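This is what each chain is made of:
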Amino acid sequence: MSSSVLTSLAMLPPEAGAFLFFVLGAVLGSFANVIILRLPAGENIALPASHCAACNAPVAWYDNLPLISWIVLRGRCRKCGARFSFRYWVVEFLTAVLFSLAFLKLGWTFSLLETLIFFFGLVVVTFIDFDHYLLPDVFTLPGTALGILGSFLNPQRTVIDSALGAFFGAGFLWSLAYLYALIRKEEGLGMGDVKLLAWIGAVLGWSAIPFVILTSSLSGSVVGLAVAYRQKKGLKTMIPYGPYLAFGAVLYRLAGESLAQG
């Protein structure tokens, strides 16, 4: 992309920039849906092209427009009428909103690029964790490496800050998991959660770790109690922890240190 194009984009009003990133987020949210569905199954995320799982008919480009097509078709296949999950639309909308908010918060900075990659990855691993209680290494490990490498280019975060974030994030959850297994003789937290918090720490820095842990613990506890009450399983109720770590990370990234200190 030429410098003139970048200059023109930088001169856009904030509203126009937010809309641009909303559209970009919706498009990438559509791709996120493909990864969420296919990666845990070990399927190719590029081929075959989008198709109806019920009748196997390929989805035409005009029926694959993010956000719009689901509404126009009322969440159904044009050919056989099979229903598509509303969650596809939710993932697209969520990614679009997160991208738009990231732009409004960070503007045209290197931190914006980092955050867009970070948010996209968090959306993907969140919904995979909801479905499979799995946080894929293919996201968490490269994410941690990218977070540390990004600190060389980001003036808002030092390499030491990033490395300590990964170390303290992983170390804290690993210690909790070890103690829980030692006392209860069963697994409480998976290593996927440990790697996810290492990734979060590498991107956000070590000072974000207490806020993310507190926020994820509170939100996860509220949801866990609600699910336990509904399922009547008490303390045996299992919920994935990854989505609440992701929620804490997004909240910290968008609200900044002011919220953590407030």
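Everything that follows concerns the structure shown earlier in this document.
Fair warning: this is a prediction, and the values are worked out from it, not measured in the lab.

A.B. asks: I would appreciate a short explanation of the overall build of the protein in the present structure.
C.D. replies: Scanning the protein from terminus to terminus reveals 10 helices and zero strands. Overall, the protein shows an N-to-C arrangement of helices and strands of α-α-α-α-α-α-α-α-α-α. Computed over its C-alpha atoms, the radius of gyration of the protein comes to 20 Å, within 12% of the 18 Å expected for a compact globule of 262 residues. With the principal axes as the frame, the protein shows a C-alpha extent of 55 × 50 × 35 Å. Considering the protein as a whole, with its 262 residues, one finds that 42% of them fall into the buried category. A separation of at least 24 residues holds for 69% of the contacts in the protein among residues at least 6 apart in sequence. Surface accessibility of the protein: about 14800 Å² in total, with carbon and sulfur atoms responsible for 70%.

A.B. asks: Whenever I open this one, the nonpolar core confuses me. Can you help?
C.D. replies: What tends to happen in soluble globular proteins is that the nonpolar side chains get buried as a cluster. If you look at the biggest cluster of nonpolar residues, it comprises 46 residues, and the most contacted ones within it are Phe118, Leu122, Ile200 and Leu204. Of all elements in the fold, only helix H2 (14-38), helix H4 (86-106), helix H5 (110-132), helix H7 (159-184), helix H8 (191-204), helix H9 (209-231) and helix H10 (242-261) reach the threshold of two or more residues within this core. Among the elements that make up this core, the one with the highest residue count is H5 (11 residues). Apart from residues lying up to four places away in sequence, Phe118 is in contact with Trp199, Ile200, Val203, Leu204 and Ala249.

A.B. asks: So what exactly am I meant to see when it comes to the environment of Cys77 here?
C.D. replies: Tracing the backbone through its elements, the reader meets Cys77 in the loop between helix H3 (68-72) and H4. In this structure, the C-alpha to C-alpha distance between Cys77 and Ala57, residues 20 residues apart in sequence, is 8.7 Å. With sequence-adjacent residues up to four places away left out, Cys77 is seen in contact with Cys52, Cys55, Ala82 and Phe84.

What counts, and where the lines are drawn
- Residues numbered from 1 in each chain as written.
- Predicted model: local features only at pLDDT ≥ 70, side-chain atom pairs only at ≥ 80, totals over all residues.
- Heavy atoms only, no water.
- Helix = DSSP H or I, 4+ residues; strand = E, 2+ residues; numbered from the N terminus.
- Rg over C-alpha atoms; globule rule 2.2 N^0.38 Å.
- Buried < 20%, exposed > 50% of the residue type's maximum accessible area, 1.4 Å probe, protein only.
- Contact = heavy atoms within 4.5 Å.
- Areas by Shrake-Rupley, 256 points an atom, 1.4 Å probe, with all protein chains shown as cover.
- Core = buried A, V, L, I, M, F, W, Y, C linked by side-chain atoms within 4.5 Å.

Coordinates in, geometry out; function isn't part of it.
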